[in-house]
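Next come the chains, spelled out residue by residue.
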Amino acid sequence: MGVKTVSTKELAQHSTKENAWLVIDGNVYDVSKFAMLHPGGEEILYEYAGQDVTETFYGLHRHEVLAKYAPKLLVGRLEGTGEDELSILPFAENTGFQGFDSPYWTESHVDFRRNVRQWLHDNVRDAAEEGELSGKAPTQELFQLMGDVGLLAGRMGPGAAMKYAPKELFGLPKEKFDYFYEMILHEEVGRLACPGFVDGIGSGMAIGLPPVLQFGPDWMKDKVAKEVLSGEKRICLAITEAFAGSDVAHVKTRAELSADGTHYIVNGTKKWITNGHDSHYFTTLVRTGGEGHGGLSFMLIERGEGVETKKIKTSYSPSAGTAYITFENVKVPAENLIGGENMGFLLSMYNFVHERWMICAYINAGSRGMIDECLRWTQQRKAFGKPLLSQPVVRKQIGEMISRVEAVSAWTENITYRMCNMPYHEMSSKLAGQVCLLKYECTRVAHDVADMAVQIFGGRGITQSGMGKYVERFMRTYKFASILGGSEDVLIDAGLRLSMATAAKEFGNLARARL
Ligand code: HEM
């Protein structure tokens, strides 16, 4: 459960020697007993009892002080400063959630976001912080909770997954669920700012289950989607190899069909597989035919004999379960083939639009979170006798962050609107180029935003605990978004090529002549 919310009235009642509470960064600490042990003296703490001492505190202590004492002294969070509430700082939320009109966001979306944020705060935030630091995988209990509330199905998006979703997702009837609601889910998990853990709670599923849902046989959908979306089991997408990252056509893992046609024997390795270490199922790209992209197929491989997974240490928390996978003479029933032999490359392209769009929503939330962090910090932190925010050079940097984030958010909304208005197969081809370019720009913005945020936070922006910890984490991990799901340099080129191809297909010879 989340921490207790302390009202300002309750805080005021704890302003005596016997009952001394202090506020630092919105957290309320009980220092009544600690005061006599305080190296800086007892009386000084009583003097400030019942008050917000954030500024004074940071003028005298290092952040580690809090990391050490907070667990013992923490009472709760002061009302109005909660991480579960919609921020009123300009641009710290999408402005459609700050009282401005929007063609996309309605009251229902506002309620939905509030409900999701509150639920994540109560059920996930503490586990996420803990898991991000310890590297432990999210628990089975948490997966089941997420299944019950529809968070797992919701992160798959509207359409096929809704068959396996509960009747309501965070109070919204599932029939009303569309890509804008889904976008809120990705943004809100992104906002937890625990990138490794957040990938651990379903990123493998969000990319590994779509091939099953879109192209798998009915038995597979009903069994696997039900188990995964209820939180009972885990699935991941096993495409990349040490030999082939974004260059999918060079995948080497081989599947040989047995002489009687009943099963395949799979041999090979996969690398950088998100959630691979803890997955029960692997949606795997294998070579069933000749060289190049025409010889690839997708199949569902269940963990069993011959399947080995080893954790890879990456820049974010091992709670993501990023794995190196070895398939050694793994026997896979022929019925586990997804979408027909040698169709794998096409199928993998088909799902990229949704995957890349999802990464955009997620990383934009991270970039926006940096605006929030910087606005809070620069009002609080004084340098050369005045708050940082009163320095034009600091305002220029934050202004630049805001302009860039607002631009990519608006572009993401625009594409989301298109997704809501075309069937899945159409969006997978028509929006392919647009989403490549969108993802390129979102992660470029994240790069610049991370850089500026660290500059603004100074030493704290490179410190893993204390005020700058989210900035440090963002700086250390935003690159995941720019590499996973197709790396930036590949996407900027593919974006234009695919858009040209779509235009030629759509408008035929006329377009070709003009192109
Ligand atoms: C939860 C609240 C607090 C904790 C856990 C805490 C803890 C500590 C610790 C561990 C030190 C030793 C020096 C260090 O390691 O940085 C220290 C020093 C000090 N503290 Fe606190 N403190 C708290 C609140 C405050 C407040 C509110 C004030 C003043 C308004 C204050 C004033 C001082 C002073 C003046 C020193 C001595 C600094 C020096 O030697 O340069 N502390 N505190």
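No experiment lies behind these values; they were computed from the predicted model shown.

Regarding the overall build of the chain
Each helix and strand in the chain was counted, giving 20 helices and 16 strands. Here the C-alpha radius of gyration of the chain, 25 Å, is about what a compact globule of 515 residues would show, namely 24 Å. Classification of the 515 residues of the chain by burial places 53% in the buried group. In the structure as shown, the chain presents an accessible area of about 22600 Å², 55% of it carried by carbon and sulfur atoms. A gap of 3 Å separates the mean positions of the 56 positive and 63 negative side-chain charges of the chain.

Digging into the packing of helix 15 (residues 392–420) against helix 17 (residues 432–457)
For the pair helix 15 and helix 17, the least separation of the axes is 10 Å and the interaxial angle reads 155°. When the interaxial angle is binned, helix 15 and helix 17 end up roughly antiparallel. Helix-helix and strand crossings are classified by hand; for helix 15 and helix 17 the assignment is left-handed. Partitioning the contact of helix 15 with helix 17 into residue classes produces 15 nonpolar, 4 polar and 6 charged.

A closer look at the site of the ligand
In the region of the ligand, 18 residues are neighbours, and His38, Gly40, Leu45, Tyr48 and His61 sit closest. Histidine 38 has a polar side-chain atom sitting 2.8 Å from a nitrogen atom of the ligand. Histidine 61 places a polar side-chain atom, nitrogen or oxygen, 2.7 Å from a nitrogen atom of the ligand. Put simply, the parts of the chain that give the shell around the ligand at least two residues each are strand 2 (21–24), helix 2 (43–47), helix 3 (54–60) and helix 4 (63–73).

Things to note about the coordination of the iron atom of the ligand
Protein-derived ligands of the iron atom of the ligand are His38 (NE2) and His61 (NE2), with the metal-ligand distances lying across 2.0 Å. Of note is the iron atom of the ligand, whose 6 donor atoms meet at the metal with angles of 86 to 178° in an arrangement that counts as octahedral. A residue pair is termed long-range when its members are at least 10 positions apart, and histidine 38 in the loop between strand 3 (27–30) and helix 2 and histidine 61 in the loop between helix 3 and helix 4 qualify at 23 residues. On the accessibility criterion, histidine 38 (14% relative accessible area) is buried.

Comments concerning the sheet that holds strand 4 (residues 74–78)
Sheet strands line up and pair through hydrogen bonds in the backbone, either parallel or antiparallel. The strand order across the open sheet built from 4 strands is 1-4-3-2, with neighbouring strands paired in mixed fashion. Of all the strands in the sheet, the pair left with one neighbour each is strand 1 (5–6) and strand 2. The pairing of strand 1 with strand 4 spans 2 bridges and is classified as parallel. By the bridge assignment, valine 6 is partnered in strand 4 with leucine 78.

Some words on unusual backbone geometry
Despite not being glycine, phenylalanine 91 shows a phi value in the positive range, around 70°. By the secondary structure assignment, phenylalanine 91 is in the loop between strand 4 and helix 5 (107–123). Taking relative accessible area as the criterion, phenylalanine 91 reaches 30% and is therefore assigned partly exposed. A positive phi angle is found at phenylalanine 170, which is not glycine, with a value near 50°. With respect to the element layout, phenylalanine 170 can be found in the loop between strand 5 (168–169) and strand 6 (172–173).

Re the environment of threonine 326
Residue position: threonine 326 is located in strand 13 (residues 323–333). The spatial distance from the C-alpha of threonine 326 to the C-alpha of cysteine 360 is 31 Å, given a sequence separation of 34 residues. Once residues lying within four places of it in the same chain are set aside, the contact partners of threonine 326 are Gly268, Thr269, Gly306, Val307 and Glu308.

A look at the nonpolar core
Burial of nonpolar side chains together is a common tendency in soluble globular proteins. One finds Phe112, Leu209 and Leu229 to be the most contacted residues of the largest nonpolar core, which totals 126 residues. Looking at this core, the element that brings in the most residues is helix 17, giving 13 residues. Ranked by size, the runner-up nonpolar core spans 17 residues in total, among them Val266, Ile273, Val307 and Val332.

Remarks on helix 7 (residues 140–149)
When we look at burial in helix 7, the residues that qualify are Leu142, Phe143, Met146, Gly147 and Val149. Buried residues along helix 7 sit in contact with helix 5, helix 8 (151–154), strand 5, helix 10 (195–200) and helix 12 (218–229). Backbone geometry just downstream of helix 7 places glycine 150 in the positive-phi region, at approximately 90°.

Some details on the domain arrangement of the chain
When the parts of a complex come together, some accessible area is lost, and that lost area is often used as the size of the interface. Taken domain by domain, the chain consists of domain 1 (5–78), domain 2 (95–197), domain 3 (235–348) and domain 4 (351–514). If you average the C-alpha positions of domain 2 and of domain 4, the two centres end up 20 Å apart. With 23 residues of domain 2 at the contact, the number on the domain 4 side is 21 residues. Between domain 2 and domain 4, the buried area comes to about 1800 Å², and carbon and sulfur atoms account for 64% of it. There are 2 salt bridges connecting domain 2 and domain 4. Salt-bridge contacts for glutamate 129 lead to lysine 469; the nearest nitrogen and oxygen are separated by 3.4 Å. Secondary-structure elements contributing two or more residues to the side of domain 2 that touches domain 4 are helix 6 (125–134) and helix 9 (179–191). With 8 residues, helix 9 is the largest single contributor of residues to the side of domain 2 that touches domain 4.

Description of helix 5
The α-helix advances 3.6 residues per turn, and as a result positions three or four apart in sequence lie on the same side. Between its first and last C-alpha, helix 5 extends 24 Å over 17 residues, near the 24 Å set by a 1.5 Å rise per residue. Residues of helix 5 that are buried: His109, Val110, Phe112, Arg113, Val116, Arg117, Trp119, Leu120 and His121. Tucked into the core, helix 5 has its buried residues touching helix 6, helix 7, helix 8, strand 5, strand 6 and helix 9.

Details of the packing of aromatic side chains
Within the structure shown, the criterion is met by 17 aromatic pairs. Pairing tyrosine 104 with phenylalanine 180 gives two aromatic rings, centres 5.2 Å apart and planes at 25°, and the pair type is stacked. Within this pair, whereas tyrosine 104 is found in the loop between strand 4 and helix 5, its partner phenylalanine 180 is found in helix 9, the two being separated by 76 residues in sequence. Given a relative accessible area of 18%, tyrosine 104 falls into the buried group.

With respect to the environment of isoleucine 371
By the element assignment, isoleucine 371 lies in helix 14 (residues 352–380). Taking the relative accessible area as the measure of exposure, isoleucine 371 reaches 0% and is therefore buried. Considered as a pair, isoleucine 371 and asparagine 123 are 248 residues apart in the sequence and their alpha carbons are 25 Å apart. If we ignore the near neighbours within four places in the chain, the residues touching isoleucine 371 are Pro90, Phe91, Met401, Ile402 and Val405.

Calculation criteria
- Residues numbered from 1 in each chain as written.
- Predicted model: local features only at pLDDT ≥ 70, side-chain atom pairs only at ≥ 80, totals over all residues.
- Heavy atoms only, no water.
- Helix = DSSP H or I, 4+ residues; strand = E, 2+ residues; numbered from the N terminus.
- Rg over C-alpha atoms; globule rule 2.2 N^0.38 Å.
- Buried < 20%, exposed > 50% of the residue type's maximum accessible area, 1.4 Å probe, protein only.
- Areas by Shrake-Rupley, 256 points an atom, 1.4 Å probe, with all protein chains shown as cover.
- Lys, Arg positive; Asp, Glu negative; His and termini not counted.
- Charge placed at Lys NZ, Arg CZ, Asp CG, Glu CD.
- Axes fitted to C-alpha atoms, helices over the stretch in contact; angles between N-to-C directions.
- Parallel < 35°, antiparallel > 145°, perpendicular 65-115°, else oblique.
- Left-handed = near helix turned anticlockwise from the far one by under 90°.
- Nonpolar A, V, L, I, M, F, W, Y, C, P; charged D, E, K, R; others polar.
- Near = heavy atom within 4 Å.
- Polar contact = N/O pair within 3.5 Å; in protein donor to acceptor, adjacent residues only side chain to side chain.
- Donors = N, O, S within 2.8 Å, 3.2 Å for Na, K, Ca; no water.
- Tetrahedral: all angles 85-135°; square planar, octahedral: opposite > 155°, others 65-115°.
- Pairing = 2+ DSSP bridges.
- Contact = heavy atoms within 4.5 Å.
- Core = buried A, V, L, I, M, F, W, Y, C linked by side-chain atoms within 4.5 Å.
- Domains from an automatic or database assignment.
- Buried area = accessible area lost by both parts, 1.4 Å probe.
- Salt bridge = Lys/Arg side-chain N within 4 Å of Asp/Glu carboxyl O.
- Expected span 1.5 Å × (residues − 1).
- Phe/Tyr/Trp six-rings, centres within 6.5 Å; stacked < 30°, edge-to-face > 60°.

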